[in-house]
Each structure stands twice: as C-alpha cells, then as structure tokens.
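Each chain, letter by letter, is given below.
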Amino acid sequence: MKLVHKDIEKDNTGQVTLIPEEAEDMWHTYNLLQVGDSLRASTIRKVQTESSTGSVGSSRVRTTLTLCVETIDFDSQACQLRVKGTNIQENQYVKMGAYHTIELELNRKFTLAKKVWDSVVLDRIEQACDPAQKADVAAVVMQEGLANLVLVTPAMTLLRAKVEVTIPRKRKGSCTQHDKALERFYEAVMQGILRHFSFDVVKCILVASPGFVKDQFISYLFKEAVRQDCKILLENRSKFMVVHASSGHKYSLKEVLCDPAVTARLSDTKAAGEVKALEDFYKMLQQEPDRAFYGVAHVERASEALAVDILLISDKLFRHQDIATRSRYVRLVDNVKENGGNVRIFSSLHVSGEQLNQLSGVAAILRFPIADVSEAEDSSSDED
C-alpha cells in the first residue's frame, strides 16, 4: 500500500489518500472502512443518453464519485472489495443521493475521510504501508490425494490452490494403479507450486504432512526438477522445509507454525508471532490460570488493575459497526499501550485469529495474578 497524502487534524478528523498495490492491500482497506465514512474513488457508471432524434442509448463511463459508505463487501479468496453507498458530491453523471457500488481497483488511488481516526486505524495504515510487511511464507499442507497450497502474509492466510486426486488402494501383488495416481498427484502439486508461489518474494516454503508423504513428495519434486531442468526449483531448493502435520487440511497449518524449528526459521514473520503468542496464552491458562484472562469484561478489569502484559485481540472486533462498541475495544488497546503492555492484533484470516475469535476475540497474559474476576459479566458474546 502506498500512502499518497495524509491530512488528519488534532481532533482526529481528516482524510488519507492511498493506492492499493497488491491483493492483500484490499484486506487492509476492508479493515479501515466503516459505515458512515466518506470514500472518493474512480469507478465505472452506466449512463443513459438521449439523442436529438429522441432515441435513448446507454454507455459506460469512468468517473470519480464520493460515497457515504453504507455496505462493505469483501471476498477473501478473490481479494475483491466492493463498497456501496449514496453519492454526496455533485457529479455530471450521478445525482446527489443516488446509490452506487464502487469496486476498488489495484493501482488506482482512493481517498478515505473519517469523523474520527482512532489509534487502531492509524496503526493499520502504518502496517499496510510498511514495505517490510510482505508475503514471505508459503506452505503446502498435504496428505495422500489432498494438498492445500497456502500463502501466509502478515495480514492473512490465502488459500491459493487445492489439489485433490483419488488414490486407489494398494492391491495384493500390484501397486501400479496406486503409484501412477500418486505420481499424478505429485505432478499436480508441483505445477501448483510453480504457478502460485513467487520465489522472488517467498523466503520459505513449508511442506507438511503426516507420515512420509512430505518426504516422498520432496524427493519426487527435485528428481523432476533435475529431469525437466527446472532452474527455478533447483535454485530455490534451500527455501523448502519439511515439517510434520497431522493432516493435509488447512487447519493443520497452525500446528505447523507452532513447530519450534519452524518458529526459529520464521522468527521475523507476523503470523509466527501470533501463533507463538496464542500458544503462550494457552500455556499460561494451564499453568497459572490467574494470569490468563479472556473475554472483554475480564480483560478490561485486568487492564484497570494495570496487570496486562500482552493483549491478544482480533481485528474482527474493530469492524463492529456500533461506534460505542468499537470505541470500547480501541480504548482497551490504548490503555494497555499507555501502561507499558504489548498489543498483538490478530488477523481473522489467519488460523490463530480464527482460534482467538472462539475466545470472544480478546485475551490477555498478565504480569501478575490478580483477584478472581469471574463475577464480571462478559457481554462481548452478545455484542458480537
């Protein structure tokens, strides 16, 4: 994401102009937008024209509209963002108050104006515009006949391809059908890696499976790379890392990222940091439950006691359309930071973020045990 212009007043009103440069930037933009914001962007509008003879025709024209945002729709697989609202600025093609849907486009600037720019939104812009925050981890989570090819970016986990091939069972005295199907499967996964992973960006490719599937696949992959003289695979051989996983399904990615060897290799990635923080929380919950709280009311009580060391909070909570509820979460983040605590905002498109959402989207590791707060009524489930 490229920041073109930023104009925010002391009372936190103002606007920013941004250019989304890659698909992941649409996810960041989705997290910036709220109902009631003002969005100005280039769009296509179908307009009707009447000729001097009275015949009516229609054409599609490109124009720039300013909408008051009413509906925000994000497609996580295609990384497409559509924003619907009413036109609030005079335009030669669109009347004031008329509805329109803008589909934000890569490499086309947009201007977003808000009545209040809070700390969480400003941090999101800083994160999105940081050139170091890129998709540097890829993973192939597989078992016989099934493989999920995934990109792990700092903000989300993207499923790039799913490979499914029926593998017949080995028959007594003959494994020919089984071996041929397995070879077809490995070939399909290999082609998926070449098609969907950018070796210029990706620093590490995790190949994970139960049993020996991962080892057999890696052996096949590099034998084929030598046979086909596939230089891109041979030159990037050191980026491949073989890890154990309990299955070939996408959810197994969490246990893969928890592996100490993987954590050491990926120590500088946000996704690995989130997984480790969640693991630390669960360990604390088992060993010292008085120092591990979850649920908004409990964590707020701990924050008031200046006890929060690490706050784990899901970005899903900041998309709440009720301003008072959203402000409550922003206030919690600000309080923890002011009192010297660390804040980790989890992406709900990461497996760790999905798991945190099961704990009402907020949890905390405390510096010291505090009095039991179980009587505090956790209203977060009602609000979400």
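Residues numbered from 1 in each chain as written. Predicted model: local features only at pLDDT ≥ 70, side-chain atom pairs only at ≥ 80, totals over all residues. Heavy atoms only, no water.

*Asks:* Looking at this model, I keep getting lost on empty space enclosed by the protein. Mind explaining?
*Replies:* Leftover empty space is mapped by rolling, across the atoms, a probe with the size of a water molecule. Overall, the coordinates contain four cavities of 30 Å³ or more when judged by the stated rule. If you add up the space inside the second largest cavity, you get close to 50 Å³. As for the second largest cavity, its lining consists of P20, A41, S42, E103, L104, E105, R108, K109 and F110. Each residue belonging to the lining of the second largest cavity can be placed in one class, and the counts come to four nonpolar, one polar and four charged. (1 Å grid on protein atoms, 1.4 Å probe; cavity = no way out; pocket = protein on both sides within 12 Å on 5 of 7 lines; lining within 4 Å. Points joined across faces, edges and corners; volume = space filled by probe spheres on them. Nonpolar A, V, L, I, M, F, W, Y, C, P; charged D, E, K, R; others polar.)

*Asks:* What am I meant to see in the domain arrangement of the protein here?
*Replies:* Note on interface size: it is often stated as the accessible area lost on association of the parts. In terms of domains, the protein is made up of domain 1 (2–47 + 59–129), domain 2 (136–268) and domain 3 (271–366). Between the C-alpha centres of domain 1 and domain 2 there is a distance of 38 Å. Domain 1 puts nine residues into the contact, and the matching count from domain 2 is seven residues. Of all residues in domain 1, the largest losses of buried area upon contact with domain 2 belong to E24, W27 and Q77, amounting jointly to 70% of the total for that side. Linking domain 1 with domain 2 are zero salt bridges. Applying the counting criterion to the domain 1 and domain 2 interface returns zero residue pairs in polar contact (both at pLDDT 80 or more). Secondary structure elements with two or more residues in the side of domain 1 that touches domain 2: α1 (24–32) and α2 (119–128). The element best represented in the side of domain 1 that touches domain 2 is α1, accounting for three residues. Broken down by class, the residue content of the side of domain 1 that touches domain 2 amounts to three nonpolar, four polar and two charged. (Domains from an automatic or database assignment. Contact = heavy atoms within 4.5 Å. Buried area = accessible area lost by both parts, 1.4 Å probe. Salt bridge = Lys/Arg side-chain N within 4 Å of Asp/Glu carboxyl O. Polar contact = N/O pair within 3.5 Å; in protein donor to acceptor, adjacent residues only side chain to side chain. Helix = DSSP H or I, 4+ residues; strand = E, 2+ residues; numbered from the N terminus.)

*Asks:* Is there a simple way to think about the side chain of N31 in this case?
*Replies:* Relative to the assigned elements, N31 resides in helix α1. Residue N31 is classed as buried on the basis of its relative accessible area of 7%. A distance of 2.9 Å separates a polar side-chain atom of N31 from the backbone oxygen of W27. Apart from the residues lying within four places of it in its own chain, the contact partners of N31 are R124, D315 and R319. (Buried < 20%, exposed > 50% of the residue type's maximum accessible area, 1.4 Å probe, protein only.)

*Asks:* Help me understand the sheet that holds strand β13 (residues 292–294) in this model?
*Replies:* Sheets are built from strands that pair by backbone hydrogen bonding, the pairs being arranged parallel or antiparallel. Read across the open sheet, the four strands follow the order β13-β16-β14-β15; overall the sheet is mixed. Edge strands, defined here as strands with exactly one partner in the open sheet, are β13 and β15 (342–346). Strand-to-strand twist in this sheet, taken as the mean axis angle between neighbours without regard to direction, amounts to 15 degrees. Here five bridges tie strand β14 (residues 308–314) to β15, and the two strands are oriented parallel to one another. Looking across to β15, one finds that I313 is bridged to I345. Its contacts with the sheet place helix α10 (residues 323–338) against β14, β15 and β16 (362–366), and it is angled at close to 155 degrees to β14. (Pairing = 2+ DSSP bridges. Axes fitted to C-alpha atoms, helices over the stretch in contact; angles between N-to-C directions.)

*Asks:* Would you explain the nonpolar core in this entry?
*Replies:* A general feature of soluble globular proteins is that nonpolar side chains tend to end up buried together. Counting 64 residues, the largest nonpolar core has M142, F185, V189 and F240 as the members making the most contacts within it. Counting the residues that make up this core, at least three belong to each of domain 1 (2–47 + 59–129) and domain 2 (136–268). Setting aside anything within four residues of it in sequence, one finds V189 in contact with V140, M142, A147, L149, V163 and F217. Core analysis: the next-biggest nonpolar cluster, separate from the first, contains 20 residues, V299, Y329, L332 and V336 among them. (Core = buried A, V, L, I, M, F, W, Y, C linked by side-chain atoms within 4.5 Å.)

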